[in-house]
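Results of the structural survey
Here is how the chains run, residue by residue.
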Amino acid sequence: MWQNNLLKFYMEHDINKAITYSGELVDEVGGLLSPESLSDLHFSQGTSIALRGHVDDIDLAKDTLLTSLETAPVTS
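Throughout what follows, the structure given in this document is the object of discussion. The model shown is predicted, which means the values in this text are computed figures rather than measured ones. (Residues numbered from 1 in each chain as written. Predicted model: local features only at pLDDT ≥ 70, side-chain atom pairs only at ≥ 80, totals over all residues. Heavy atoms only, no water.)

1. Digging into the pattern of salt bridges
- Per the stated rule, a full pass over the model turns up one salt bridge.
- Ionic pairing is found between Arg-52 and Asp-57, a salt bridge with its closest N-O pair at 2.9 Å. (Salt bridge = Lys/Arg side-chain N within 4 Å of Asp/Glu carboxyl O.)

2. Focus: the environment of Met-11
- In this structure, Met-11 sits in helix H1 (residues 2-13).
- On the accessibility criterion, Met-11 (22% relative accessible area) is partly exposed.
- Taking the C-alpha atoms as reference points, Met-11 and Ser-39, separated by 28 residues in sequence, lie 17 Å from one another.
- Beyond its immediate sequence surroundings of up to four residues, Met-11 is in contact with Ala-18, Ser-44, Thr-47, Ser-48 and Leu-51. (Helix = DSSP H or I, 4+ residues; strand = E, 2+ residues; numbered from the N terminus. Buried < 20%, exposed > 50% of the residue type's maximum accessible area, 1.4 Å probe, protein only. Contact = heavy atoms within 4.5 Å.)

3. Side note on the packing of aromatic side chains
- In this structure the tally under the stated criterion is two aromatic pairs.
- The interplanar angle of 55 degrees and the centroid separation of 6.1 Å between the aromatic rings of Phe-9 and Tyr-10 together place this pair among those described as tilted.
- Tyr-10 sits in the buried class, given a relative accessible area of 18%.
- These aromatic residues form a ring-pair network of at least three members: Phe-9, Tyr-10 and Tyr-21. (Phe/Tyr/Trp six-rings, centres within 6.5 Å; stacked < 30°, edge-to-face > 60°.)

4. Points about the packing of helix H3 (residues 35-52) against helix H4 (residues 58-71)
- Look at H3 against H4: their axes get within 8 Å of each other, and the N-to-C directions meet at 165 degrees. What the angle tells us is that H3 and H4 run roughly antiparallel. Handedness of the crossing formed by H3 with H4: left-handed. Within the contact between the two elements, H3 uses Pro-35, Leu-38, Ser-39, His-42, Phe-43, Gln-45, Gly-46, Thr-47, Ile-49 and Ala-50 and H4 uses Leu-60, Ala-61, Thr-64, Leu-65, Thr-67, Ser-68 and Thr-71.
- Within the contact of H3 with H4, the residues separate by chemical class into eight nonpolar, nine polar and no charged. (Axes fitted to C-alpha atoms, helices over the stretch in contact; angles between N-to-C directions. Parallel < 35°, antiparallel > 145°, perpendicular 65-115°, else oblique. Left-handed = near helix turned anticlockwise from the far one by under 90°. Nonpolar A, V, L, I, M, F, W, Y, C, P; charged D, E, K, R; others polar.)

Here it is in structure tokens:
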């Protein structure tokens, strides 16, 4: 998925763009993604928020990472 490569690029080079872009992806294509891909996208978004390093973002990062776990498919 080309969007994932662009998101990884932003995470390495411009964390604020990564946060914005991952949010846009969730809004625009989140409903079309498989549960695994949606969980990965939420995880990347939460990681981006945490990597920004703002103390005010801790709760948002935690909530986004929890969403990633909640949307992850259960495997046995």
